[in-house]
Amino acid sequence: MPVRELLLRPEVLSGFPETGKYRWLELYDKTNVYGYSAIAEHEDMLELHVTLVQWGKCVRQSLEQDVTWLKGEALRLGKRRIMGIRANDQGQFDGRLFKFAGLFGFTEMHTVQTATLRVDSEE
């Protein structure tokens, strides 16, 4: 199976909170690790984040197997949808997400932008 669950959050996903909400996954093929993923359950869907550290034809084929695994995991958890989310902390829109997601059967594309106001206590 090209998906391995990790006990600790991988460094490349260090921007995600360690609140117990996310499950950390390592994506690999016969020779190396090509990506990491964070998934979280919501009432009616599975939230998905993927960070690739390599890309190529073999990785694309492995990702197809990963999506098959993910669909099975979503069904096992009673979820009827998987929502892939792309976060960019540089304030940039990446239109490649829609093309990339479409390669693996994702539809119903959406754009969500957020802004964060950090309020730190002054003690």
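Residues numbered from 1 in each chain as written. Predicted model: local features only at pLDDT ≥ 70, side-chain atom pairs only at ≥ 80, totals over all residues. Heavy atoms only, no water.

Participant: Describe the pairing of strand β5 (residues 81-84), naming the residues involved and giving the relevant values.
Facilitator: As defined by bridge partners, strand β4 (residues 45-52) adjoins β5 across four bridges and the pair is classed as parallel. Bridge pairing links Met45 to Arg81 in β5. Each parallel crossover has a hand, and for β4 linked through helix α1 (residues 57-76) to β5 it is right-handed. (Pairing = 2+ DSSP bridges. Helix = DSSP H or I, 4+ residues; strand = E, 2+ residues; numbered from the N terminus. Right-handed = clockwise from strand over helix to strand, strands pointing away.)

Participant: Please give an account of the pattern of salt bridges that cites residues and values.
Facilitator: Summed over the entire model, instances satisfying the criterion amount to nine salt bridges. Between Arg23 and Glu73 there is a salt bridge, and its shortest N-O distance comes to 2.7 Å. Taken together, the residues span a long stretch of sequence, with Arg23 in strand β2 (residues 22-28) and Glu73 in helix α1 at a distance of 50 residues. Beyond isolated ion pairs, a larger network of salt bridges with shared partners links Glu5, Arg23, Glu73 and Arg76. (Salt bridge = Lys/Arg side-chain N within 4 Å of Asp/Glu carboxyl O.)

Participant: Which residues make up the side chain of Ser37, and what are the values?
Facilitator: Structurally, the position occupied by Ser37 is in strand β3 (residues 33-41). Looking at Ser37, the relative accessible area reads 2%, which means it is buried. A polar contact of 2.8 Å, which involves the side chain of Ser37, links it to the backbone oxygen of His49. The contacts of Ser37, once residues within four sequence positions are left out, are Leu13, Arg23, Trp24, Leu25, Leu48, His49 and Val50. (Buried < 20%, exposed > 50% of the residue type's maximum accessible area, 1.4 Å probe, protein only. Polar contact = N/O pair within 3.5 Å; in protein donor to acceptor, adjacent residues only side chain to side chain. Contact = heavy atoms within 4.5 Å.)

Participant: Help me get a handle on the nonpolar core, residues and values and all.
Facilitator: In terms of nonpolar packing, the biggest core is built from 14 residues, with Ile39, Leu63 and Leu70 touching the most fellow members. Listed by contribution, the elements that provide at least two residues to this core are β2, β3, β4 and α1. No other element matches the six residues that α1 contributes to this core. If we ignore the near neighbours within four places in the chain, the residues touching Leu63 are Leu27, Tyr34, Leu52, Trp55, Phe100 and Phe104. Counting seven residues, the second-largest nonpolar core is a separate cluster that includes Leu13, Phe16, Trp24 and Tyr36. (Core = buried A, V, L, I, M, F, W, Y, C linked by side-chain atoms within 4.5 Å.)

Participant: Quick rundown of the packing of aromatic side chains? Include the residues and the values.
Facilitator: The final tally for this structure, using the stated rule, is five aromatic pairs. Put simply, the rings of Phe16, Tyr22 and Trp24 touch in pairs and so form one group of aromatic residues. Between the NZ or CZ atom of Arg4 and the centre of the ring of Tyr28, over which it lies, the distance is 3.8 Å. We note Arg60 situated over the ring of Phe104; from NZ or CZ to the ring centre the distance is 5.8 Å. (Phe/Tyr/Trp six-rings, centres within 6.5 Å; stacked < 30°, edge-to-face > 60°. Lys NZ or Arg CZ within 6 Å of the ring centre and 35° of its normal.)

Scope: geometric values only; no functional claims are made or implied.
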